[in-house]
Amino acid sequence: MFVCVCKAVSDRQIRRAVREDGVTSLRELARLHGVGTCCGKCVPQARELLGETLASA
Ligand code: FES
């Protein structure tokens, strides 16, 4: 499922970014995958998913 439609980034890619690439913030996620850098609609969901993944890592 795409979280960020603009940049075609899925929830799986976001989880992988946290677990394998050491991403810990939305800023890093934006730098790595461009999440939230276009329309910004995905930011709340991306932030939630990031928090959940960090908490369960
Ligand atoms: Fe992520 Fe538009 S859906 S920037």
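One can find the structure itself at the top, above this paragraph.
The paragraphs below set out a description of the structure included in this document. Since the structure is predicted, the reported quantities are computational estimates derived from the model, not experimental observations.

### A few points about the overall build of the protein
And then number 1: The secondary structure content of the protein amounts to three helices and two strands.
And then number 2: When its helices and strands are written in sequence order, the protein yields β-β-α-α-α.
And then number 3: Taken against the 2.2 N^0.38 rule, which gives 10 Å for 57 residues, the C-alpha radius of gyration of the protein at 10 Å falls within 12% of a compact globule.
And then number 4: Projected onto its principal axes, the C-alpha coordinates of the protein cover approximately 30 × 15 × 15 Å.
And then number 5: Looking at the protein as a whole, 32% of its 57 residues are labelled buried.
And then number 6: Sequence separation of 24 or more characterises 51% of the internal contacts of the protein that already satisfy a separation of 6 or more.
And then number 7: A total of about 3700 Å² of accessible surface is found on the protein, and carbon and sulfur atoms cover 50% of it.

### Concerning the environment of phenylalanine 2
And then number 1: Mapping phenylalanine 2 onto the fold places it in strand S1 (residues 2–4).
And then number 2: C-alpha separation for the pair phenylalanine 2 and glutamine 13, spaced eleven residues apart in sequence, amounts to 9.2 Å.
And then number 3: Other than its neighbours up to four places away in sequence, phenylalanine 2 contacts Ala8, Val9 and Ser10.

### Quick look at the side chain of threonine 53
And then number 1: With respect to the secondary-structure elements, threonine 53 resides in helix H3 (residues 43–56).
And then number 2: For threonine 53, the side chain forms a polar contact with the main-chain oxygen of leucine 49, separated by 2.7 Å.
And then number 3: Threonine 53 has contacts with Arg15, Val18 and Arg19, leaving out every residue within four places of it along the chain.

### Some words on the environment of arginine 27
And then number 1: Its location among the elements puts arginine 27 in helix H2 (residues 26–33).
And then number 2: Distance from arginine 27 to threonine 37, taken between C-alpha atoms, is 9.7 Å for residues ten residues apart in sequence.

### Here we look at the nonpolar core
And then number 1: Core analysis: the largest hydrophobic core is formed by 14 residues, its most contacted members being Val3, Ile14, Leu29, Val35, Ala46 and Leu50.
And then number 2: Of all elements in the fold, only S1, helix H1 (11–21), H2 and H3 reach the threshold of two or more residues within this core.
And then number 3: Sequence-distant contacts of alanine 46, that is, excluding residues within four places in its chain, are made with Val3, Ile14, Leu26 and Val35.

### So, the packing of H1 against H3
And then number 1: H3 packs onto H1 with a crossing angle of 45 degrees between their chain directions and a minimal axis gap of 10 Å. It follows from the interaxial angle that H1 and H3 lie oblique. Two packed elements cross with a definite hand, and for H1 against H3 that hand is right-handed. Within the contact between the two elements, H1 uses Asp11, Ile14, Arg15, Val18 and Arg19 and H3 uses Ala46, Leu49, Leu50, Thr53, Leu54 and Ser56.
And then number 2: Its residues assigned to classes, the contact of H1 with H3 shows six nonpolar, two polar and three charged.

Here is what the cut-offs are and how they apply
- Here, residues in each chain are numbered from 1, in the same order as that chain's written sequence.
- The predicted nature of this model means local features are confined to residues of pLDDT at least 70 and side-chain atom pairs, given and counted, to a pLDDT of 80 or more, with totals for whole chains, interfaces and linings taken over all residues.
- Excluded from the side-chain calculations are hydrogens and water; all other atoms, namely the structure's heavy atoms, are used.
- The secondary structure listing takes helices from DSSP runs of H or I that are at least 4 residues long and strands from runs of E that are at least 2 residues long, numbered from the N terminus.
- The atom set for the radius of gyration is the C-alpha atoms, and the globule formula is 2.2 Å times the number of residues raised to the power 0.38.
- A simple rule labels every residue: compare its accessible area, found with a 1.4 Å probe on the protein chains alone, to the largest value its type can have, and call it buried under 20%, exposed over 50%, or partly exposed in between.
- Here, two residues are considered to be in contact whenever any of their heavy atoms come within 4.5 Å of each other.
- Accessible surface is estimated by sampling points in the Shrake-Rupley manner with a 1.4 Å probe; for residues, cover comes only from the protein chains shown.
- Pairing of N or O atoms within 3.5 Å defines a polar contact, subject to two protein rules: one partner must be a possible hydrogen donor and the other a possible acceptor, and residues neighboring in sequence count only if both atoms are side-chain atoms.
- The term nonpolar core refers to a set of buried residues drawn from Ala, Val, Leu, Ile, Met, Phe, Trp, Tyr and Cys, joined through side-chain atoms within 4.5 Å.
- Axes here mean lines fitted to C-alpha atoms, for a helix over just the part in contact, with angles spanning 0 to 180 degrees between N-to-C directions.
- Any angle between 65 and 115 degrees counts as roughly perpendicular, while under 35 counts as roughly parallel, over 145 as roughly antiparallel, and the rest as oblique.
- Left-handed describes a crossing in which the near helix is turned anticlockwise from the far one by less than a right angle; the clockwise case is right-handed.
- In this classification, Asp, Glu, Lys and Arg are treated as charged, Ala, Val, Leu, Ile, Met, Phe, Trp, Tyr, Cys and Pro as nonpolar, and every other residue, Gly included, as polar.

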